[in-house]
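# Topology and contacts: notes
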Amino acid sequence: MRTVTTSPAADVDVVLPCQDEAGALPWVLARIPDGWRALVVDNGSTDGSADLARALGATVVTEPRRGFGAACHAGLTAATAGIVCFCDCDASLDPALLTPFVQEIRAGTADLVLGRRRPQGRGAWPAHARAGNLALTRMLRRRTGVRLHDLGPLRAARRERLLALGLTDRRSGYPLQMVVRAADAGWRITEHDVPYLPRTGASKVTGTWRGTWHAVRDMRRVLSEEPARPVPRDTARGGNSW
């Protein structure tokens, strides 16, 4: 059972999946735009990340089920703002860059906005991770017709519409499933270049060939799914589907 600490309602909620990111949290949380709420989803940290996040003013969601998708979805279901953003919590991406994403959603010119990562400096994006990402964007194009260059974690959309997609993946396939189901539902999807910095600490996914392979495997499974019909909105408001 996940637990949530409360903070005042915000115009935008930023979901930050977190597992042992104490070294990056101060920088990341300091970059959250004014008036927005940081939802740090603690996914089994042992380095005091949750306590640090609380001390820095973030709302903390505790998700005991391990998995990137599990953490992201726990944050989504805990969100209350009309617009929800996602950002990694390792200081590789600046959450302040989400401001134009949100403006585009509010203006109604896009339904889902993604960040196309542009690596800054050596080690920001390992070659094997880039290769896996390239292969997946090509498979996504064949599956949906959507032309994207990246499936990165920096993104924004309206909360109720995200819940209505009925996302079920709780592992590394979650970000891709969001794009696939959004495309199947006819969403307007755009992407913008964003600087991608060397992360703080060790990567749980793309830092190794094995981690990358598991992520690609999860995402290929998502691409093999039959097109899904979004769940009714009344059902979507019910929360987690597992």
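Structure: above.
Because the structure is predicted, anything quoted here is derived from the model rather than measured.

Definitions and cut-offs
- Residues numbered from 1 in each chain as written.
- Predicted model: local features only at pLDDT ≥ 70, side-chain atom pairs only at ≥ 80, totals over all residues.
- Heavy atoms only, no water.
- Buried < 20%, exposed > 50% of the residue type's maximum accessible area, 1.4 Å probe, protein only.
- Helix = DSSP H or I, 4+ residues; strand = E, 2+ residues; numbered from the N terminus.
- Pairing = 2+ DSSP bridges.
- Right-handed = clockwise from strand over helix to strand, strands pointing away.
- Salt bridge = Lys/Arg side-chain N within 4 Å of Asp/Glu carboxyl O.
- Core = buried A, V, L, I, M, F, W, Y, C linked by side-chain atoms within 4.5 Å.
- Contact = heavy atoms within 4.5 Å.
- Phe/Tyr/Trp six-rings, centres within 6.5 Å; stacked < 30°, edge-to-face > 60°.
- Lys NZ or Arg CZ within 6 Å of the ring centre and 35° of its normal.
- Lys, Arg positive; Asp, Glu negative; His and termini not counted.

### Section: the pairing of strand E2 (residues 12–18)
Counted residue by residue, E2 has 7 buried out of 7 residues, so it is predominantly covered. Across the two faces of E2 the burial is the same, with Val 12, Val 14, Leu 16 and Cys 18 and Asp 13, Val 15 and Pro 17 all buried. Relative to strand E3 (residues 36–42), E2 is paired through 7 bridges, and the arrangement is parallel. Bridged to Cys 18 within E3 is Asp 42. Taken together, E2, helix H1 (residues 25–30) and E3 constitute a β-α-β crossover, and its handedness is right-handed.

### A closer look at the pattern of salt bridges
Following the criterion strictly, the structure yields 8 salt bridges and no others. With a shortest N-O distance of 2.8 Å, Asp 13 and Arg 37 are connected by a salt bridge. A residue pair is termed long-range when its members are at least 10 positions apart, and Asp 13 in strand E2 and Arg 37 in strand E3 qualify at 24 residues. Under the relative-accessibility criterion, Asp 13 is labelled buried at 0%.

### Concerning the nonpolar core
Counting residues in hydrophobic clusters, the biggest one holds 37 residues, and the most contacted among them are Leu 112, Leu 162, Leu 176 and Ile 189. For this core, the secondary structure elements donating two or more residues are E3, helix H3 (68–78), strand E5 (83–86), strand E6 (112–119), helix H5 (127–144), helix H6 (159–164), helix H7 (174–184) and helix H8 (209–223). In this view, Ile 189 contacts Leu 112, Leu 114, Leu 148, Val 179, Ala 182 and Ala 183; residues no more than four positions away in its chain are not counted. The next biggest cluster of nonpolar side chains, apart from the first, holds 32 residues, and it includes Val 12, Val 14, Val 40 and Ala 91.

### Some thoughts on the packing of aromatic side chains
We describe a pair of aromatic rings using the distance from one ring centre to the other and the angle between the two ring planes. If you walk through the whole model with that rule in mind, you get 0 aromatic pairs. A cation sits over an aromatic face here: Arg 117 above Tyr 196, 5.1 Å from the ring centre.

### A closer look at the side chain of Asp 42
With respect to the element layout, Asp 42 can be found in strand E3. No salt bridge is formed by the buried Asp 42; its nearest oppositely charged neighbour, Arg 54, is found at 6.9 Å. Dropping the residues within four chain positions of it, Asp 42 is found in contact with Cys 18, Ser 49, Ala 50, Val 61, Thr 62 and Glu 63.

### Here we look at H7
Counted residue by residue, H7 has 10 buried out of 11 residues, so it is predominantly covered. All of the buried residues along H7 are Tyr 174, Pro 175, Leu 176, Gln 177, Met 178, Val 179, Val 180, Arg 181, Ala 182 and Ala 183. Positive phi shows up at Gly 186, right after H7, with a value of about 80°.

### A closer look at unusual backbone geometry
For Asp 20, which is not glycine, the phi dihedral falls at a positive 60°. Within the secondary structure layout, Asp 20 lies in the loop between E2 and H1. Taking the relative accessible area as the measure of exposure, Asp 20 reaches 29% and is therefore partly exposed. For Ala 91, which is not glycine, the phi torsion reads 70° and is therefore positive. Structurally, Ala 91 is set in the loop between E5 and helix H4 (99–107).

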